[in-house]
Amino acid sequence: MTIRWQSAVALGTAVAAAIALPQATNGTPPRSGVQVSVQPAQLSVVGLPCFPGNLTLTMTNTTTEDRYADLTLNPRGPLQLSRELFSSWLPAVDPDQPVSAPVEVRVPRDTQPGKYSVDLEVDRSKVTVPVTVNPLPPKGPGSNVALGEQATASSTHGNFAVCGGVDGDHDSEHWDTLTGWNDGTRAAFPDNYAVTLAAPTTINRVELYTLDSVKYPAATNGLRDWDVQVRSGTGDWQTVAQVRGNTLGHVVSTFDPVQADAVRILCLAGNGNTYSRIVELEVYGS
C-alpha cells in the first residue's frame, strides 16, 4: 500500500486583503494600497524535515504609480519560515501585474500539536494565516523509517527538490509533478542521495524506486548501477548491497541487520548515461 503524506493542506480559499497605505501629510493626494493574497488560506504541517508546509504570497499594486513594498512575516510559536521578508518593486495597476514568492513553513520534530499562525504585515496592516501542527505519523515496526526525514544529495537538477525522494510518492507517473530526485550533473557519475534517520535504527532492507513510467521507461531513463550504503556513528559509509545492470523501476535490496543513522544510494550509472533519478527511497527495519 502506498503511503503518501501531504505536506501542506489547503483548508480554504485564498486569503485576499486590500491594505491601505498611510495617509499623506503634506497636502498631496493619499496613495491607495497593496493587495495581498495568500494560498492556501490555512496550513497543516508535521515535525518532519522534508514535510514543510508551503505558502505562496502575492502582492499586487492597486495604485496608478509604481512603488516598492516590504511584506514582513512574523511566525507565532515554534514555526520556522524559509523567509521573513518579501520585498519587491510593484508595477502600477496598469498592467496590474502581481508579484509572488514561495515560503516554506517547518516545525521542530518535538513541537506540541496545536494551533499556531503566521502574521503578514505591510504598511501597518495585517493578515493572519492559521497553521495547524499535527502529530507525527507513526513509525512502528514495518514502517518506512526514511519517510519525510532529512534528505541530502550531491546535486539537484532544476526545479526538483531534494526532499522529493522521501515524500511518500513512489509512482513514476507523477514524475512531471516534480516528485522524486534528479541529479544536476548530466552524464557525470557518481552521484549520491542520502537520508538521515531520526535516530540510530536497525535496518535490513532498502527499496529503491527509479524512474519507470510509460513515458519514461526504466530501461532508458532509470538508474542502472548503484551501491546501497549505511552510516553508523563513525561517519564512514559501509556498502551493504550492490545493484548492477538494472532495468526495473522497483528494486528491493536485503542485507544482514545493521544499525544505521543514515542510508545513502551511491549512483554509479544511469540507463541512457544521462542522470541519476530516484522516485522514492524507502528504508525498513527487521
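The structure under discussion appears in the preceding block.
Residues numbered from 1 in each chain as written. Predicted model: local features only at pLDDT ≥ 70, side-chain atom pairs only at ≥ 80, totals over all residues. Heavy atoms only, no water.

Our focus in this paragraph is the overall build of the protein chain. Scanning the protein chain from N- to C-terminus turns up one helix and 17 strands. In the protein chain, once contacts between residues fewer than 6 apart in sequence are set aside, the share between residues at least 24 apart is 70%. Accessible area for the protein chain stands at about 13600 Å²; split by element, carbon and sulfur atoms hold 49% of it. (Helix = DSSP H or I, 4+ residues; strand = E, 2+ residues; numbered from the N terminus. Contact = heavy atoms within 4.5 Å. Areas by Shrake-Rupley, 256 points an atom, 1.4 Å probe, with all protein chains shown as cover.)

Moving on, we get to the nonpolar core. The biggest cluster of nonpolar side chains holds 30 residues, and the ones touching the most others in it are Ile203, Val206, Trp226, Val228, Phe255, Ile265 and Ile278. Mapped by element, the contributors of at least two residues to this core are strand E13 (191–210), strand E14 (223–231), strand E15 (237–243), strand E16 (250–270) and strand E17 (277–285). Residues within four places of Ile278 in sequence aside, it is in contact with Gly165, Trp175, Gly180, Trp181, Tyr193, Leu208, Tyr209, Thr210, Leu223, Ile265 and Cys267. Counting residues in each nonpolar core, the second largest holds 27 residues, with Val45, Leu57, Leu81 and Val131 among its members. (Core = buried A, V, L, I, M, F, W, Y, C linked by side-chain atoms within 4.5 Å. Buried < 20%, exposed > 50% of the residue type's maximum accessible area, 1.4 Å probe, protein only.)

Glancing now at the sheet that holds strand E3 (residues 43–45). Taken in spatial order, the five strands of this open sheet run E3-E10-E9-E5-E7, and their pairing is mixed. Whereas interior strands pair on both sides, the edge strands pair on one side only; in this sheet they are E3 and strand E7 (85–90). Sheet twist, expressed as the average angle between the axes of neighbouring strands with direction ignored, equals 25°. Judged from the nine bridges that link them, strand E9 (residues 114–122) and strand E10 (residues 125–133) form a sheet pairing that is antiparallel. Its bridge partner being in E10, Leu120 is matched across the sheet by Val127. (Pairing = 2+ DSSP bridges. Axes fitted to C-alpha atoms, helices over the stretch in contact; angles between N-to-C directions.)

Attention shifts here to the state of the cysteines. In this structure the tally under the stated criterion is one disulfide. Note that Cys50 is cross-linked by a disulfide to Cys163, the S-S spacing being 2.0 Å. In this structure, the disulfide formed by Cys50 and Cys163 twists by about -70° around the S-S bond and is classed as left-handed. Of this pair, Cys50 sits in the loop between E3 and strand E4 (53–61) while Cys163 sits in the loop between strand E11 (150–153) and strand E12 (181–182), and the two are 113 residues apart along the sequence. (Disulfide = S-S within 2.5 Å.)

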